[in-house]
Amino acid sequence: MITIAILNLKGGVGKTTISMNLGAALSRLGKKVLLVDMDSQNDLTQNLGLNPATTKGVEFLITNDIPLKMLLEKYDENLHFIPSGKKLKELELSLSKLYKKKPKSNYLLKYMFNQYHLDYDYVIFDCANTTGLLNFNVLTLVKNVFIPVQCHMLGLRGSKRTLFFVNKIEALYNSGLRIAGIIPAMYDARNSLSGRVIKEMEKTYDGLVLNTKIRVNVSLAESPAFGKTIFDYKPHSRGAQDFHDLANEVLVMFEEIY
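Since the model is a prediction, treat every value here as computed from it, not as a measurement. (Residues numbered from 1 in each chain as written. Predicted model: local features only at pLDDT ≥ 70, side-chain atom pairs only at ≥ 80, totals over all residues. Heavy atoms only, no water.)

S.K.: Explain the side chain of Glu59 residue by residue, including any values.
M.R.: In this fold, Glu59 is placed in helix α3 (residues 58-62). Although Glu59 is buried, it forms no salt bridge, and the closest oppositely charged side chain is Lys87 at an N-O distance of 7.7 Å. Setting aside residues up to four positions removed in sequence, Glu59 forms contacts with Ser84, Gly85, Lys86, Lys87, Leu88 and Leu91. (Helix = DSSP H or I, 4+ residues; strand = E, 2+ residues; numbered from the N terminus. Buried < 20%, exposed > 50% of the residue type's maximum accessible area, 1.4 Å probe, protein only. Lys, Arg positive; Asp, Glu negative; His and termini not counted. Salt bridge = Lys/Arg side-chain N within 4 Å of Asp/Glu carboxyl O. Contact = heavy atoms within 4.5 Å.)

S.K.: Lay out helix α1 (residues 15-28) in plain terms, naming residues and giving numbers.
M.R.: The end-to-end C-alpha separation of α1 is 20 Å, in line with the 20 Å expected for 14 residues at 1.5 Å each. In terms of burial, α1 is a largely internal element, 12 of the 14 residues being buried. Every buried residue of α1 is accounted for by Lys15, Thr16, Ile18, Ser19, Met20, Asn21, Leu22, Gly23, Ala24, Ala25, Leu26 and Ser27. (Expected span 1.5 Å × (residues − 1).)

S.K.: For the layout of surface pockets, give the residues involved together with the corresponding values.
M.R.: Of the voids in this model, the largest pocket is the one considered here, and its volume is about 460 Å³. Around the largest pocket, the lining is made up of 22 residues, and of these Val13, Gly14, Lys15, Thr17 and Met186 lie nearest the centre. Mapped onto the lining of the largest pocket, the elements with two or more residues apiece are α1, α2 (43-47), β7 (178-187), β8 (214-215) and α10 (218-222). Considering each element in turn, the lining of the largest pocket owes the most residues, 4 residues, to α1. Residues that form the lining of the largest pocket fall into these classes: 9 nonpolar, 9 polar and 4 charged. (1 Å grid on protein atoms, 1.4 Å probe; cavity = no way out; pocket = protein on both sides within 12 Å on 5 of 7 lines; lining within 4 Å. Points joined across faces, edges and corners; volume = space filled by probe spheres on them. Nonpolar A, V, L, I, M, F, W, Y, C, P; charged D, E, K, R; others polar.)

S.K.: Pulling in residues and values, what's your account of the packing of aromatic side chains?
M.R.: To describe a pair of aromatic rings, one takes the distance between the centres and the angle between the planes. Following the criterion strictly, the structure yields 8 aromatic pairs and no others. Their ring planes at 65° and their centres at 5.5 Å tell us that Phe136 and Phe165 sit as a pair that is edge-to-face. With a gap of 29 residues between them, Phe136 in helix α7 (residues 133-141) and Phe165 in helix α8 (residues 153-172) connect regions that are remote in the sequence. As far as the burial class goes, Phe136 and Phe165 line up, both buried. By way of ring pairs, the aromatic residues Tyr107, Tyr111, Phe136, Phe165 and Tyr173 are connected into one cluster. Above the ring of Phe60, the side-chain terminus of Lys56 is found at 5.7 Å from the ring centroid. Positioned above the aromatic ring of Tyr187 is the side chain of Lys213, whose terminal nitrogen or guanidinium carbon lies 5.7 Å from the ring centre. (Phe/Tyr/Trp six-rings, centres within 6.5 Å; stacked < 30°, edge-to-face > 60°. Lys NZ or Arg CZ within 6 Å of the ring centre and 35° of its normal.)

S.K.: How would you explain the pattern of salt bridges if you had to name every residue and give the values?
M.R.: Inspection of the entire model under this criterion finds 4 salt bridges. Glu92 serves as the salt-bridge partner of Lys89, at 3.9 Å between the closest nitrogen and oxygen. Placement of both Lys89 and Glu92 in helix α5 (residues 87-101) is noted, with a separation of 3 residues, approximately one turn of the helix. Owing to a relative accessible area of 42%, Lys89 belongs among the partly exposed residues under this scheme. You can call Glu92 buried: its relative accessible area is 9%.

S.K.: Now, about unusual backbone geometry: what can you tell me, with residues and values included?
M.R.: Glycine aside, the phi torsion of most residues is negative, and most peptide linkages are trans. One non-glycine residue, Asn42, lies in positive phi territory at about 65°. At Asn64, a residue that is not glycine, the phi angle is positive and equals roughly 65°. Along the chain, the position of Asn64 falls in the loop between α3 and α4 (68-71). Judged by relative accessible area, Asn64 falls into the partly exposed class, the value being 43%.

S.K.: Break down the nonpolar core for me, with residues and values.
M.R.: Counting residues in each nonpolar core, the largest one holds 49 residues, and the members touching the most others are Leu109, Phe113, Phe125 and Leu139. With 6 residues, the top contributor of residues to this core is α7. Among residues more than four places away in sequence, those in contact with Leu139 are Ala5, Leu7, Val145, Phe165, Val166, Ile169, Asn174 and Leu177. (Core = buried A, V, L, I, M, F, W, Y, C linked by side-chain atoms within 4.5 Å.)

S.K.: An account of the environment of Tyr173 is needed here, citing residue identities and associated values.
M.R.: Mapped onto the secondary structure, Tyr173 falls in the loop between α8 and β7. On a C-alpha basis, the gap between Tyr173 and Gln41 in space is 26 Å, while along the polypeptide they are 132 residues apart.

S.K.: An account of the sheet that holds strand β6 (residues 144-150) is requested, with residue identities and associated values reported.
M.R.: Strand order across the open sheet formed by 8 strands is β3-β4-β2-β5-β1-β6-β7-β8, with mixed pairing between neighbours. Strands at the two margins of the open sheet, each flanked by one partner only, are β3 (73-74) and β8. With 7 bridges joining them, β6 and β7 adopt parallel strand pairing. Looking across to β7, one finds that Phe146 is bridged to Gly181. Along the sheet face, α7 touches β1 (2-6), β5 (122-126) and β6 and points at about 150° away from the line of β1. (Pairing = 2+ DSSP bridges. Axes fitted to C-alpha atoms, helices over the stretch in contact; angles between N-to-C directions.)

S.K.: Explain the environment of Asp65 residue by residue, including any values.
M.R.: Along the polypeptide, Asp65 turns up in the loop between α3 and α4. Remark: the alpha-carbon pair of Asp65 and Phe231, spanning 166 residues in sequence, is separated by 34 Å.

In structure tokens form, the structure reads like this:
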């Protein structure tokens, strides 16, 4: 089972869009995928058609109040997800207070997941844009981090802070953690700045920048309003093609590693 965090400490870079549609693309290629909403803004949960105000989600798994199988939601046969509810924000605040007394509170999610035998090829965590205890919990569990980076200079600068945070967790808590790749997002071929930023990315993150670029596409922005992935909303759009290509690139990457 391959565990992935989609993370950037800068907001508005498309983390949820990438989590949801990369998971959907992998599932369409025959992989069994579990998505986990770890952001207290609940965007993934809402994008997949659930109301966080009436949903019991991952917060109850972390506190060991509800078994994992009772929290699972099915998008389709190969794509399942664990939503987040309104109490995730409360849990995030209580974890911060608990950490002062019990530093191992950053391992709670790992403890819970290790109790279950999960029959998935990929587990993808949609992360918040914070250095809080929820992200600590994700990064002590997963082995791979993908960082989406907007194709403009501010996005590139913000990614460096994320890289530092991941390296800190790797050094202190999870020696198996690694940056699996940088995903260029919101790429606009008509804008020369996008091309310059891509070159700067490749210079800064030598060997880590994926070949697939997620282009600016209105269908990607529209699909969450219908509770659908891009493949069910506009299967022939540029967004669907980009995520199909991204999933294939990810599959090849992990086949070479494992």
